[in-house]
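# Survey of secondary and tertiary structure
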Amino acid sequence: MALLSMKDVSVSFGGPPVIHKLSLQIEKGDRIALLGRNGAGKSTLMKMIHRDVLPDEGEIIEQPGLRVARLPQEVPRDLEGTVFQVVSGVFSAAAGEEGLPSKGGGELHWRREQQVERVLSRMELDSEAMFETLSAGLKRRVLLARSLATEPDILLLDEPTNHLDMEAIGWLEDFLLRTGGTLMFVTHDRMFLRKLSTRIMELDRGTLVDWPCDYDTFVQRREALLDAESQDWKRLDKKLAQEEAWIRQGIKARRTRNEGRVRALRKLREERGQRRERTGNVRLRMQESERSGKLVAEAQGVSYGYGETPVIQDFSTTVLRGDKVGIMGPNGAGKTTLLRLLVGELQPQQGSVRLGTRLQVAYFDQLRGQLDETRSVQDNVANGNDTIVFNGRPKHIIGYLQDFLFSPERARSPVSILSGGERNRLLLARLFSKPSNVLVLDEPTNDLDAETLELLEELLLDYPGTIFVVSHDRAFLNNVVTSTLVLEGEGKVGEYVGGYDDWLQQSRGKTASKEPRVKGERQKPKSEGPRRLTFNEQRELENLPQRIEALEAEQKDLYDAMAEPEFYKQDSEQIVQAKSRLETLEVQLQEAYARWEDLEAMAS
């Protein structure tokens, strides 16, 4: 029996149905990638599965006791408290309790505490850290831990890689594959999609199409289906036009007309009236601009830091007109600092940066800080004017925004009501409304649907100017950039030819290291097939819980000690030893939990 089934489910919000007569089944172990254009209803479908939205008609059938958890696309702004409180708060929310939970209580509370601590340890999170002080990537990891704490039968993930760096994305991929749960996820990250999905479902014009294949096969089959649909529609339109011409003929024809043919015409009209056209593609076009000089930027021995922390040390490079430079590195490593140094917004503390001539720079800001929430969509682009000048000609702002799939009504709406994908499209509209020969793009792919993402890639490939792009989208980097600058820690910046895969190959050749993963995380063992545990393995399995408890107790004692002001009055060597021991404990706990899972799986 399926974990969850939907039969002829429909839902609308005052207009055409967002979802119409939809049916699906989710089986145990499925990893479903849910695809569709921005606004197609993907989040609505997941909210229905989570019971946040009820269908207008149809039925949803669940297995008794089914647990569903959902990781939302945006981090809730009202969450605060320690990581432990935020994660364990999911139990209070489910029970209808108010306030954040505290440690201690009855047996049920104790079991939940142990469950939360186990999840936090597996996800390498500090239970006492304050949630509001964490980076965006760590907040997403805490919310994932919150979702996993209830041990859900179905886990719903809405853009889980947003704001995660590549190391964290790699960790998340491995974690989800290792846990082996049932997933439905929405993502713009095509590499993440390829690695995780076993089924693909596409929401298109209110209906759901199930594709039991991998992503690349899906792309080919969908194109063939859309081509066939287009040909069918052309034949229908041609026949309808012919029949309409026949019915409008003179009196003689009307006297002798065939009533069956009239009924067929009515049916054709009805069929044409029910057709739902696919949403058009964004029309991305660049403003023509004066060419920059051949040299765009030359850095010589550049260093920059904050306090005693070096971000960039002794870095040199030359960027020429037409280069497409990707910038990669962990969250907080200094990618934005490096970007600002290269375009002259920040002066180096040591060394020099020489900029080229005739530079016209356009920015795309991942935090969308360039958008005024209180103003309308059109005012954010045209600054209150009715027209913009595009390639020397006036163009009405409404017509320009329609190229970016904003209807006239949506163009007059305030930015505050836009979805994440719409805000990114609006930023692209702002970006391309001004002439430029240098583009600075900070995470431009977040929340974009696959079609818009591919069009953006094509446009950037044809862009005659210079591009600097910060991105964690590995496929996007592979497809667009010609070189990469990688922040490798301790102020070192490595320079590599090509995109993400090229960097992986070159860095492996340098260091014999493998694809980046969380420190201490082991490689997934090769499957040896089912077998019985040996005597030593059975004893190891029995002893692992006590070993994990001892490691966690020592880890907690260290965290408590380091939270005291007196701790930092010790000799520096003792402080270094304590921090080193804490890192070792984190690695040992990760390995112990992984070993426990492997032995449990073999024993079952």
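Look a little higher up for the structure.
Described in the following lines is the structure provided in the data block. (Residues numbered from 1 in each chain as written. Predicted model: local features only at pLDDT ≥ 70, side-chain atom pairs only at ≥ 80, totals over all residues. Heavy atoms only, no water.)

### Points about the overall build of the protein chain
A tally of helices and strands in the protein chain yields 19 helices and 20 strands. For the protein chain, the residues scored as buried account for 47% of the 604 residues in total. Sequence separation of 24 or more characterises 69% of the internal contacts of the protein chain that already satisfy a separation of 6 or more. In the structure as shown, the protein chain presents an accessible area of about 30900 Å², 48% of it carried by carbon and sulfur atoms. (Helix = DSSP H or I, 4+ residues; strand = E, 2+ residues; numbered from the N terminus. Buried < 20%, exposed > 50% of the residue type's maximum accessible area, 1.4 Å probe, protein only. Contact = heavy atoms within 4.5 Å. Areas by Shrake-Rupley, 256 points an atom, 1.4 Å probe, with all protein chains shown as cover.)

### Description of helix α4 (residues 136–148)
The end-to-end C-alpha distance of α4, which contains 13 residues, comes to 19 Å, matching closely the 18 Å that a straight helix rising 1.5 Å per residue would cover. Burial analysis of α4 places 11 of its 13 residues in the buried class, the great majority of the element. Taken together, the buried positions of α4 are occupied by Gly137, Lys139, Arg140, Arg141, Val142, Leu143, Leu144, Ala145, Arg146, Ser147 and Leu148. (Expected span 1.5 Å × (residues − 1).)

### Examining the sheet that holds strand β8 (residues 199–204)
Pairing is mixed across the open sheet formed by six strands, whose spatial order is β5-β6-β7-β3-β8-β9. Pairing within the sheet leaves two strands with one partner each, and these edge strands are β5 (68–71) and β9 (207–211). Between one strand and the next, the sheet's axes are offset by a mean angle of 20°, whatever the strand orientation. The strands touched by α4 within the sheet are β5 and β6 (154–158), with β5 carrying the most contacts at an inclination of about 175°. (Pairing = 2+ DSSP bridges. Axes fitted to C-alpha atoms, helices over the stretch in contact; angles between N-to-C directions.)

### So, the pattern of salt bridges
Opposite charge on two side chains permits pairing when their charged atoms draw close. Considering all chains together, one arrives at 18 salt bridges under this definition. Look at the salt bridges and you will find they share partners, linking Glu173, Asp189, Lys195 and Arg474 into a network. (Salt bridge = Lys/Arg side-chain N within 4 Å of Asp/Glu carboxyl O.)

### Quick notes on unusual backbone geometry
Apart from glycine, the bulk of residues carry a negative phi angle, and the bulk of peptide bonds sit in the trans form. One non-glycine residue, arginine 358, adopts positive backbone phi at about 55°. Mapped onto the fold, arginine 358 is located in the loop between β13 (350–355) and β14 (361–364). Relative accessible area serves as the criterion here: at 44%, arginine 358 is assigned to the partly exposed category. Phi at asparagine 383 takes a positive value of approximately 55°, unusual for a residue other than glycine. Mapped onto the elements of the fold, asparagine 383 is located in the loop between α11 (377–382) and β15 (387–390). A residue is classified by how much of its surface remains accessible, and asparagine 383, at 55% relative accessible area, is exposed.

### Looking at the environment of asparagine 543
As for its placement among the helices and strands, asparagine 543 is situated in helix α18 (residues 535–562). Along the backbone, asparagine 543 and tryptophan 596 are 53 residues apart, and their C-alpha atoms lie at a distance of 9.8 Å.

### Comments concerning the nonpolar core
Within the largest apolar cluster, 46 residues are counted, with the highest numbers of intra-cluster contacts made by Tyr400, Phe432, Leu439 and Leu460. No other element matches helix α14 (residues 420–432), which puts six residues into this core. Aside from chain neighbours lying at most four places away, what touches leucine 460 is Met286, Lys324, Leu439, Leu441, Ile467, Phe476 and Val480. Counting residues in hydrophobic clusters, the runner-up holds 44 residues, among them Leu164, Leu176, Leu183 and Cys213. (Core = buried A, V, L, I, M, F, W, Y, C linked by side-chain atoms within 4.5 Å.)

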